[in-house]
Amino acid sequence: MSDDPQLTKFRKSIDNIDAAIIHMLAERFRITQAVGEYKAKVTLPPADPAREERQIARLRKLSEEADLDPEFSEKFLRFIIDEVIRHHQKAQER
């Protein structure tokens, strides 16, 4: 543990951002869970590759505008999309 006040301030900011990310991911997954249940009810496929590609392109552009590595952003979004699809497939099996 560091007694450096500047480092402590940076770390507190990081901790706050991490908490916000977790809460936003939780909300995103609550909504995508509802989408999965809806897709299962109306017999739509769990994945929508065209939408996924549009989302990735949109977020890559946002990443570039925010000076964030678009490759990192795409990997992060792909991870989320894969998890959402897995949840949607489970909803189809119910």
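For the structure, see preceding data.
Residues numbered from 1 in each chain as written. Predicted model: local features only at pLDDT ≥ 70, side-chain atom pairs only at ≥ 80, totals over all residues. Heavy atoms only, no water.

1. Some words on the overall build of the protein
Working step 1: The helix and strand inventory of the protein stands at 3 helices and 0 strands.
Working step 2: N-terminal to C-terminal, the α/β element order of the protein is α-α-α.
Working step 3: Relative to the globule expectation of 12 Å for 94 residues, the C-alpha radius of gyration of the protein, 17 Å, shows a markedly less compact shape.
Working step 4: In the protein, which comprises 94 residues, the share counted as buried stands at 17%. (Helix = DSSP H or I, 4+ residues; strand = E, 2+ residues; numbered from the N terminus. Rg over C-alpha atoms; globule rule 2.2 N^0.38 Å. Buried < 20%, exposed > 50% of the residue type's maximum accessible area, 1.4 Å probe, protein only.)

2. Things to note about the side chain of Lys39
Working step 1: Relative to the elements of secondary structure, Lys39 occurs in helix 1 (residues 5-41).
Working step 2: Nearest to the buried, unbridged Lys39 among oppositely charged side chains is Asp48, at 5.5 Å.
Working step 3: If near-sequence neighbours (up to four positions away) are discounted, Lys39 is found in contact with Leu44, Pro45, Pro46, Ala47, Asp48, His88 and Gln92. (Lys, Arg positive; Asp, Glu negative; His and termini not counted. Salt bridge = Lys/Arg side-chain N within 4 Å of Asp/Glu carboxyl O. Contact = heavy atoms within 4.5 Å.)

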